Amino acid sequence: ATGLLIVNAMIDFFQARGVVARTNAFLHILAPAVLEAGSISLYPGINESGQPLAQYFFLVGTTIVCVAVFGDIGRLLHRGSAVSIASIVSQFSVIVGAVNFNYGTAFLMPEYLTSDPAIAKGGRFFVAGGVCFFVNAFATLRDKFF
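Residues numbered from 1 in each chain as written. Predicted model: local features only at pLDDT ≥ 70, side-chain atom pairs only at ≥ 80, totals over all residues. Heavy atoms only, no water.

### What to know about the nonpolar core
With 15 residues, the main nonpolar core has Leu35, Val65 and Phe133 as its most contacted residues. Of all the elements, helix 3 (residues 53-79) adds the most residues to this core, at six residues. Sequence-distant contacts of valine 65, that is, excluding residues within four places in its chain, are made with Ala31, Leu35, Val94, Ala98 and Phe133. (Core = buried A, V, L, I, M, F, W, Y, C linked by side-chain atoms within 4.5 Å. Buried < 20%, exposed > 50% of the residue type's maximum accessible area, 1.4 Å probe, protein only. Helix = DSSP H or I, 4+ residues; strand = E, 2+ residues; numbered from the N terminus. Contact = heavy atoms within 4.5 Å.)

### Digging into the packing of helix 2 (residues 19-40) against helix 3
At a closest axis distance of 8 Å, the pairing of helix 2 and helix 3 adopts a crossing angle of 155°. Here helix 2 is positioned roughly antiparallel relative to helix 3, judged by the angle of their axes. Crossing of helix 2 over helix 3 shows left-handed handedness. A per-class count over the contact of helix 2 with helix 3 returns 17 nonpolar, seven polar and two charged. (Axes fitted to C-alpha atoms, helices over the stretch in contact; angles between N-to-C directions. Parallel < 35°, antiparallel > 145°, perpendicular 65-115°, else oblique. Left-handed = near helix turned anticlockwise from the far one by under 90°. Nonpolar A, V, L, I, M, F, W, Y, C, P; charged D, E, K, R; others polar.)

### Looking at the side chain of serine 93
Inspection of the secondary structure assignment puts serine 93 in helix 4 (residues 85-107). At 3.0 Å, the side chain of serine 93 and the backbone oxygen of serine 90 are in polar contact. Ignoring any residue separated from it by four or fewer positions in sequence, one finds serine 93 in contact with Cys132, Val135 and Asn136. (Polar contact = N/O pair within 3.5 Å; in protein donor to acceptor, adjacent residues only side chain to side chain.)

### Here's the deal with the environment of valine 69
Within the secondary structure, valine 69 is located in helix 3. Accessibility expressed as a relative area gives 1% for valine 69, which makes it buried. When the C-alpha positions of valine 69 and glutamine 91 are compared, they lie 6.4 Å apart, and in sequence the two are 22 residues distant. What valine 69 contacts, discounting residues up to four positions off in sequence, is His28, Gln91, Val94 and Ile95.

### With respect to the packing of aromatic side chains
Each aromatic ring pair is characterised by the separation of its centres together with the angle its planes make. In the structure shown here, the tally under the stated rule is eight aromatic pairs. Aromatic side chains phenylalanine 13 and phenylalanine 14 sit 5.5 Å apart centroid to centroid with 80° between the ring planes, which places their arrangement in the edge-to-face category. Taken together, a centroid distance of 5.2 Å and an interplanar angle of 55° make the contact between phenylalanine 101 and phenylalanine 133 tilted. Taken as a pair, phenylalanine 101 in helix 4 and phenylalanine 133 in helix 5 (residues 116-145) lie far apart in primary sequence, 32 residues in all. Owing to a relative accessible area of 4%, phenylalanine 133 belongs among the buried residues under this scheme. Members of the aromatic cluster, each reached through a chain of ring pairs, are Phe58, Phe101, Phe126 and Phe133. Of note, arginine 22 hangs over the ring of phenylalanine 13, and the distance from its end group to the ring centre comes to 4.8 Å. (Phe/Tyr/Trp six-rings, centres within 6.5 Å; stacked < 30°, edge-to-face > 60°. Lys NZ or Arg CZ within 6 Å of the ring centre and 35° of its normal.)

### Focus: the pattern of salt bridges
Under the definition given, this model contains one salt bridge. Aspartate 72 is paired through a salt bridge with arginine 75; the nearest N and O atoms lie 3.9 Å apart. Residue aspartate 72 and its partner arginine 75 are both found in helix 3; the two are separated by three residues, about one turn of the helix. For arginine 75, a relative accessible area of 28% puts it in the partly exposed group. (Salt bridge = Lys/Arg side-chain N within 4 Å of Asp/Glu carboxyl O.)

Take a look at the structure:
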């Protein structure tokens, strides 16, 4: 799903007109890249410092996602034209996905990693967030191409 988010964002970036639209599109490229960096930092041997680097990447990435989506919503409202159902699904699903990732990250912070139920709960939030991001990617494609 991260790859689809980046591809969608790059299409937007190159089609964007104006500084605000390009900045917003850049945020949509940056956010999944930061989330991907968080995922990569979980691989064995990548982060041996003991710091919760992945969790910090996830918090920053999902915050950037929310800022970008609220920018999208503001531009849609400012435009004043009709908004498609696919666009509404896209925006809503990415916000719900980001919230789920943030909750999942909170349960995977070092102070909670001693509890198996907390780890399982964090994992469920991550899966729910991933599903929402997947829905977002396809809703965005649907809105743009069909």
